[in-house]
Amino acid sequence: MVGRFLLYLAVFTASYAVKAELYVFPAPSPEATSHTLNTEITLYEEQTLSAIEQKNIDLLIKDTYQTLDKSNATSALSEINQRYEGTLPAWLYSAIKRCEDWFNRTEGNISCRNGALYDYWAEYVQGKHDLSRREVRRLARVARIADVNFNDDNSVAFASPIQWDLSEFTASLAVDRIANYLTSINIRSYHISAQGLETHASNQGFSWQGTVAQEAVIQNGRATDAVSNPSTIAYIRPWQRPVLSTSKLASLEKGVLSHSDGWPSAKFQAISVADNAFEAMLLAHFSATKTAQQAMELVNANQSLALKLIDENGRVFTSNTYTARTSGKNKAEKNGHAISIDITLPLFDIADYRGPYVSVWISDEKNRLVKSLALRGTSERWLGELRTWWRRVGRKNEGLVDGFAGATKKNAPLHIEWDGLDDFGQSANSSSLILHVEVAREHGGRSYEKIPFTFDSLTSPITVTGTDEIASITLSLMN
């Protein structure tokens, strides 16, 4: 198990006077281990838990950890790993199947198949062998290409190279099982919070500020327009966590293990939002190891997800869905400076059409970078063909290029929602701004458009017809 998950109650601000009942599971005792989720659950609206209900929650937490304990040869997970097939408890079958859905959705970049890979890292941490990048890539690839079959009776069968490992997500699954149990006994308003796991769960649409304070995500109270859907935030700060740790040892390497190539990565702090803790932590792991463009493409295609990324230099990137899923008192909403940018690209009727490289950014009137909005393309050779962007932004910010760029997308249009904040999460305080769009295509041309604007000028949309590699650009104020 990676780390010891210490849980705490998120504190409401003084402006919210909410009567709450706090329960701790389990009660502190010498028997508590790193495989026990020390949980704090807060109930609102004068709700309480009976002694039997408290006992049920305590047993549920322990069952989650015991079921997923690979070191116990009789655990459900160990048994299917030994036989390469088996029937699972419904909650575990659902978890593995959901993880496989993410595996397919992310082309193998999120996986619960990498038990052999984690075992290899554990042996390295214990000093049993040196670390071989070639070997970790091999282990990740072998697991990635193996076949898995799911059956309606909650059974699963798979090729022998797979060893299931949910150790990174055990606490998240325990939080979800607690939430499901509370719902089953008609608990209407609750909050579950985890500091070590950095996961916060609520069924009352609490207003999540989504900022990092003292290395935690702090809840600032209930929103006046709260919705009734469950909401979970997960947070990973990869630069401070060992790739793998045990109760006695921890790797010197820091970061999150990439499930696709078996090597640690630490591109971003990831604050992810989903309808349940398991999905939120899957998203956080994926986003901590991929570029901002890769992560945002995944999230913006799914309204149930939201994401905020922060790189080592403090640059902030947020999904189009983030403001709606977090606090209604976001800085951008206070300023009324959220805008929508739509860019269309022409399709040329040629046989060897290559997807263009595209850069979109905002500067002030002195051409100083305010916000990087989009970057398609990863080859340094062709990024250099985005001459204006490269001269003013790219060559001065190599870390930005490494963590931000995404793949080219043929002539797919770009829809960008900007929250009015600069690269470091502060309000764009310049009264005059410039939107820059530059496109360059292999075997094609290069086009560059810049559109001066102010927020006040966007009471009506601004549309500009481009030339050659740019069809049109539209800026409009978001409602």
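These numbers were taken from a predicted model, which means no experiment stands behind them.

Rules and cut-offs
Residues numbered from 1 in each chain as written. Predicted model: local features only at pLDDT ≥ 70, side-chain atom pairs only at ≥ 80, totals over all residues. Heavy atoms only, no water. Helix = DSSP H or I, 4+ residues; strand = E, 2+ residues; numbered from the N terminus. Expected span 1.5 Å × (residues − 1). Contact = heavy atoms within 4.5 Å. Disulfide = S-S within 2.5 Å. Buried < 20%, exposed > 50% of the residue type's maximum accessible area, 1.4 Å probe, protein only. Pairing = 2+ DSSP bridges. Axes fitted to C-alpha atoms, helices over the stretch in contact; angles between N-to-C directions. Parallel < 35°, antiparallel > 145°, perpendicular 65-115°, else oblique. Nonpolar A, V, L, I, M, F, W, Y, C, P; charged D, E, K, R; others polar. Phe/Tyr/Trp six-rings, centres within 6.5 Å; stacked < 30°, edge-to-face > 60°. pLDDT = per-residue confidence, 0-100. Core = buried A, V, L, I, M, F, W, Y, C linked by side-chain atoms within 4.5 Å.

Participant: Explain helix α1 (residues 51-67) residue by residue, including any values.
Facilitator: Taking 1.5 Å per residue, 17 residues should reach 24 Å; α1 reaches 24 Å between its end C-alpha atoms and fits that length. In this structure, the buried residues of α1 make contact with β1 (20-25), β2 (39-44), α2 (76-83), α3 (90-105) and α6 (170-184).

Participant: So what about the state of the cysteines? Which residues, and what values?
Facilitator: Scanning the entire structure with this criterion turns up 1 disulfide. With its sulfur 2.1 Å from that of its partner, Cys99 forms a disulfide with Cys112. One disulfide, between Cys99 and Cys112, carries an S-S torsion of 90 degrees and so falls in the right-handed class. Of this pair, Cys99 sits in helix α3 while Cys112 sits in the loop between α3 and α4 (115-125), and the two are 13 residues apart along the sequence. Judged by its relative accessible area of 1%, Cys99 falls in the buried class. For Cys112, a relative accessible area of 0% corresponds to the buried category.

Participant: I'd love a proper account of the pairing of strand β18 (residues 369-376), names of residues and values included.
Facilitator: Of all 8 residues making up β18, 7 are buried, and the element is well covered by its neighbours. By the bridge criterion, 6 bridges tie strand β17 (residues 357-364) to β18 in an arrangement that is antiparallel. Each bridged residue has a counterpart across the sheet, and for Val358 the counterpart in β18 is Arg376. Adjacent in sequence and paired antiparallel, β17 and β18 are bridged by 4 residues, among which Asn367 carries a positive phi angle near 65 degrees.

Participant: So what's going on with unusual backbone geometry? Residues and values would help.
Facilitator: Despite not being glycine, Glu46 shows a phi value in the positive range, around 60 degrees. Residue position: Glu46 is located in the loop between β2 and α1. We note that Glu107 has phi near 55 degrees; this positive angle belongs to a residue other than glycine. Tracing the backbone shows Glu107 in the loop between α3 and α4.

Participant: So what's going on with α4? Which residues, and what values?
Facilitator: Considered for burial, the residues of α4 that qualify are Gly115, Leu117, Tyr118, Tyr120, Trp121, Ala122 and Val125. Where α4 is buried, its residues meet α5 (133-145), β11 (256-257) and β12 (264-265). Backbone geometry just after α4 places Gly127 at a positive phi near 85 degrees.

Participant: Describe the packing of α4 against α5, with residues and values.
Facilitator: Running from N to C, α4 and α5 point in directions that differ by 155 degrees, and their axes come no closer than 8 Å. Our classification of the angle between α4 and α5 gives roughly antiparallel. Between α4 and α5, the contacting residues are Ala116, Leu117, Tyr120 and Trp121 on the first element and Glu135, Val136 and Leu139 on the second. A per-class count over the contact of α4 with α5 returns 6 nonpolar, no polar and 1 charged.

Participant: Which residues make up the packing of aromatic side chains, and what are the values?
Facilitator: Evaluated as defined, the whole model comprises 12 aromatic pairs. When the ring of Trp361 is compared with that of Tyr448, the centres are 6.4 Å apart and the planes differ by 20 degrees; the resulting orientation is stacked. One end of the pair, Trp361, is in strand β17; the other, Tyr448, is in strand β21 (residues 446-453), with 87 residues separating them in the sequence. Residue Tyr448 is classed as partly exposed on the basis of its relative accessible area, which comes to 24%. An aromatic cluster is built from Tyr84, Phe158 and Trp164, whose rings are joined through pairwise contacts.

Participant: I'd like to hear about the sheet that holds strand β16 (residues 339-344), residue by residue, with values.
Facilitator: With antiparallel pairing, 4 strands are arranged side by side in an open sheet as β19-β16-β23-β22. Two strands bound the open sheet, and with one partner strand each, they are β19 (414-418) and β22 (462-465). Looking at each pair of strands side by side, their axes are set apart by 10 degrees on average, direction ignored. Sheet topology places β16 next to strand β23 (residues 472-477); 6 bridges connect them, and they run antiparallel. What sits directly across from Ser340, in β23, is Ser476.

Participant: Tell me about the confidence of the model for the protein chain, residues and numbers included.
Facilitator: Taken residue by residue, the protein chain gives an average pLDDT of 82. The fraction at 70 or more is 83%. Contacts of residues 1-17 to residues separated by more than four positions or lying in other chains number 57 contacts, the stretch itself having pLDDT below 50. Below a pLDDT of 50 lies the segment residues 328-335, which in the model reaches 14 contacts outside its immediate sequence neighbourhood of four places, other chains included.

Participant: Break down the sheet that holds β21 for me, citing the residues and quoting the values.
Facilitator: Read across the open sheet, the 4 strands follow the order β18-β17-β20-β21; overall the sheet is antiparallel. Since the sheet does not close on itself, it has two edges, and those belong to β18 and β21, each with one partner. Here the strands of the sheet are splayed against their neighbours by 10 degrees on average, with no regard to which way each runs. Bridge count between β17 and strand β20 (residues 433-440): 8 bridges; the pairing is antiparallel. Bridge pairing links Val360 to Val437 in β20.

Participant: Residues and numbers for the nonpolar core, please.
Facilitator: Formed by 58 residues in total, the largest nonpolar core has its most connected members in Ile80, Ile96, Trp164, Leu166, Leu309, Phe317 and Trp389. The element that contributes the greatest number of residues to this core is helix α7 (residues 277-289), accounting for 8 residues. When residues no more than four places from it in sequence are discounted, the contact partners of Ile96 are Leu77, Ile80, Leu88, Phe150, Trp164 and Leu166.

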